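Close look at the chain arrangement
Letter by letter, the chains look like this.
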Amino acid sequence: MAIPEFIRDLRTDIGTKLLWLPGVSAVVFDDAGRVLLGKRADTGGWSVIGGIPEPGEQPAETAVREVYEETAVHVVPEGVVLVETMPPTHYPNGDVCQFMDVTLRCRAVGGTARVNDDESLEVGWFPVDALPALDDYALSRIKKALEAGPTWFQGMAEAEAEPDTAG
């Protein structure tokens, strides 16, 4: 993942300490129901497309920008799939970040999927019943994007299941 300049500037002041950051993930579907994935240059694994918003940038704008930058595919965000605080990530250089991820379901509206920057080794469309090996992060986002339910929030399903003891 390319490190935005504003984060490099912050690291000059705070060193490797925990940095709280927004993140946006895009689960992109085409008209055939296939999902767009990128094989990440940093991990070598397949995943949904995502990135860090620029200061002041809205999550939907980030999704549109990141998908195009990484895959040359134009998208329209259709809805919020989930909002989740991720566990802290420890990078090999000692930096620690914790992301608040907003995942958006997006529809492809143009472009041809190809590697469009140095963040991906490959990009491609995959039928949802024939996905490559994915980590839980990507799988859970794809699964939730396929559901017709409301936005998913970590911990809220458990809170709804608890009996009402007030009163």
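Provided above is the structure to which this section pertains.
Predicted, not measured: the structure shown is a model, and the values here were computed from it.

1. Points about helix H2 (residues 59-71)
Taking 1.5 Å of rise per residue, the 13 residues of H2 would be expected to cover 18 Å, and the 18 Å separating its terminal C-alpha atoms lies within 8% of that figure. Turning to H2, its buried residues number three or more, namely Thr62, Ala63, Arg65, Glu66, Val67, Glu70 and Thr71. Taken together, the buried residues of H2 touch strand S1 (18-29), strand S2 (35-40), strand S4 (49-51), strand S5 (73-85), strand S7 (96-111) and strand S8 (120-126). Two residues or fewer past H2, Ala72 is found with a positive phi of approximately 65°.

2. Quick word on the side chain of Asp101
Note that Asp101 resides in strand S7. Asp101 sits in the buried class, given a relative accessible area of 2%. For Asp101, the side chain forms a polar contact with the side chain of Ser25, separated by 2.8 Å. Residues in contact with Asp101, not counting those within four places in the same chain, are Gly23, Val24, Ser25, Leu82, Val83, Glu84, Met86, Tyr137 and Arg141.

3. A few points about the environment of Thr89
Tracing the backbone shows Thr89 in strand S6 (residues 89-90). For the pair formed by Thr89 and Leu18, sequence separation is 71 residues and the distance between their alpha carbons is 9.0 Å. Among residues more than four places away in sequence, those in contact with Thr89 are Asp95, Val96, Cys97 and Phe99.

4. Here we look at the layout of surface pockets
When its volume is computed, the second largest pocket comes out at roughly 170 Å³. Lining the second largest pocket are Glu78, Gly79, Val80, Val81, Arg105, Lys144, Ala145, Glu147, Gly149, Pro150, Thr151 and Trp152. Among the elements of the structure, S5 and helix H3 (136-146) are those that each provide at least two residues to the lining of the second largest pocket. Among the elements that line the lining of the second largest pocket, the one with the most residues is S5, at four residues. The residue makeup of the lining of the second largest pocket, split by class, is five nonpolar, three polar and four charged.

Calculation notes
Residues numbered from 1 in each chain as written. Predicted model: local features only at pLDDT ≥ 70, side-chain atom pairs only at ≥ 80, totals over all residues. Heavy atoms only, no water. Helix = DSSP H or I, 4+ residues; strand = E, 2+ residues; numbered from the N terminus. Expected span 1.5 Å × (residues − 1). Buried < 20%, exposed > 50% of the residue type's maximum accessible area, 1.4 Å probe, protein only. Contact = heavy atoms within 4.5 Å. Polar contact = N/O pair within 3.5 Å; in protein donor to acceptor, adjacent residues only side chain to side chain. 1 Å grid on protein atoms, 1.4 Å probe; cavity = no way out; pocket = protein on both sides within 12 Å on 5 of 7 lines; lining within 4 Å. Points joined across faces, edges and corners; volume = space filled by probe spheres on them. Nonpolar A, V, L, I, M, F, W, Y, C, P; charged D, E, K, R; others polar.

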